[in-house]
Amino acid sequence: APTMEPTKQTLPIGGLLVDVYSHPTSTSSSTHPIHVLFFLHGRFGSAQDEYITNTVKVIFAESYGLGGGERKKDLIVVTFDHRNHGTRLVNKQRNFAWSKEPAENNDHHAVDMYTIQTGTAQDVSFLIDHLPSSLYPSDERTIVEWGIGGVSLGGHSTWIALSREPRLTLGIPIIGCPDYTKLIYQRAQSSNIPISPPYFPTSFMTYVKRYDPVQLAYRAKDASNPFFEKKVLVLSGKEDKLVPWVASAEFVEGLEVGEGGVKRVVVEEGAGHECTSGMRREAGLFVREWLRL
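What you see is a predicted model, and the numbers here were worked out from it, not measured in a lab.

Below, the discussion takes up the nonpolar core. Grouped together as the largest cluster of nonpolar side chains are 52 residues, with contacts concentrated most on Val-36, Phe-38, Leu-131 and Leu-168. In terms of residue count, the dominant contributor to this core is helix α2 (residues 109-135) (10 residues). Those residues in contact with Leu-168 that sit more than four places away from it in its chain are Phe-38, Val-124, Ile-128, Trp-146, Gly-147, Ile-148, Ala-161, Leu-162 and Lys-230. In this structure, Ile-52, Ile-175, Leu-233 and Leu-291 belong to the second largest nonpolar core, which totals 25 residues.

Here it is as structure tokens:
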């Protein structure tokens with residue numbers, strides 16, 4: 001059977017433009033409960049980027065295609081622009097990293113990237129609060145579970161949101177990193193940036209050292225671990241130079257999700273800092289399993 005394209009509607013929610021993708025077979029009269037997957041784009045991009053819309057299509061194709069027959073839930077995928085991106089852009093320079101080229105240099109890179117990551121995590125929690133009333137004003141459908149995935153900057157945000165928002169039960173970080181200090185220190189050193197103020201303000205580092213996912217009880221076999229009982233699919237490229245796997249490896253290997261959780265890790269041979277077709281398919285299969293529960 002030919003793959004049916006997902007349908008998209010755009011909702012303004014509290015001043016945020018939100019794209020909501022659903023499958024044509026899933027209508028307001030359907031009785032399946034809903035699983036919502038947020039899907040986040042990378043730095044410099046927007047929710048309209050082709051790799052985002054393509055990944056959304058693949059996830060729907062895997063979830064609703066042949067073999068998706070045991071589906072007990074319907075899927076909705078939600079995309080929106082990170083702060084300072086797409087429709088929310090206020091200052092392009094502040095999305096740059098450190099550079100020897102003055103036109104492309106941003107001294108505030110360490111703080112800027114993290115404020116976007118944590119800001120997006122807060123936006124996701126805000127949307128979990130308010131999406132149901134915008135999407136289903138007459139209580140047409142019931143959302144029963146929430147998940148999140150994202151690429152690059154969106155992958156970092158996925159780890160943070162998953163660690164902070166108890167209502168998120170599934171996460172798919174793609175070419176992201178759960179250990180900000182490891183990632184950004186290595187980037188600073190390769191750019192000859194000192195790991196001290198003003199590049200790394202003390203107040204900022206105090207915050208990161210308290211709240212970053214790697215600082216939490218991610219190895220614990222009980223509810224003190226924010227990842228406990230959650231489903232996590234980690235997708236990375238073995239040859240990634242921008243977000244090297246080595247920055248995530250210790251965390252991911254130590255990550256405990258418990259008996260009721262799932263941890264699947266795929267570090268793709270020969271893949272760099274990219275969202276490959278293999279990663280898209282893995283994400284689709286993971287979501288398909290989620291909809292069968």
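Back to the write-up after that little detour.
The full count for this structure, using the stated rule, is 14 aromatic pairs. Where Tyr-114 meets Phe-204, the ring centres are 5.8 Å apart and the plane angle is 80 degrees; that geometry is what we call edge-to-face. With a gap of 90 residues between them, Tyr-114 in helix α2 and Phe-204 in helix α5 (residues 202-211) connect regions that are remote in the sequence. By the burial criterion, Tyr-114 is buried, and Phe-204 matches it. Seen from their ring centres, Trp-159 and Phe-227 are 5.9 Å apart, and the 75 degrees between their planes marks the pair as edge-to-face. A residue pair is termed long-range when its members are at least 10 positions apart, and Trp-159 in helix α3 (residues 153-164) and Phe-227 in the loop between α5 and β7 (231-237) qualify at 68 residues. Taken as a pair, Trp-159 and Phe-227 share a single burial class, namely buried. Through pairs of rings, three or more aromatic residues link up here, namely Tyr-114, Tyr-180, Phe-204, Tyr-207 and Tyr-211.

Quick notes on the rules
Sequence order as written defines residue numbering, which begins from 1 separately in each chain. Predicted model: local features are reported for residues with pLDDT of at least 70 only, side-chain atom pairs are reported and counted for 80 or more only, and whole-chain, interface and lining totals are derived from all residues. Side-chain descriptors were evaluated using all non-hydrogen atoms of the structure, hydrogens and water having been removed beforehand. Here, nonpolar core means buried Ala, Val, Leu, Ile, Met, Phe, Trp, Tyr and Cys residues that are tied together by side-chain atoms lying within 4.5 Å of each other. Relative accessible area decides the class of each residue, using a 1.4 Å probe on protein chains only: under 20% of the type maximum gives buried, over 50% gives exposed, and in between gives partly exposed. For helices the rule is a DSSP run of H or I covering at least 4 residues; for strands it is a run of E covering at least 2, with both sets numbered from the N terminus onward. The contact criterion used throughout is that any non-hydrogen atoms of two residues lie within 4.5 Å. Only Phe, Tyr and Trp rings are paired, with Trp represented by its six-membered ring, and only when their centres lie within 6.5 Å; those with planes under 30 degrees apart are stacked, over 60 edge-to-face, the remainder tilted.

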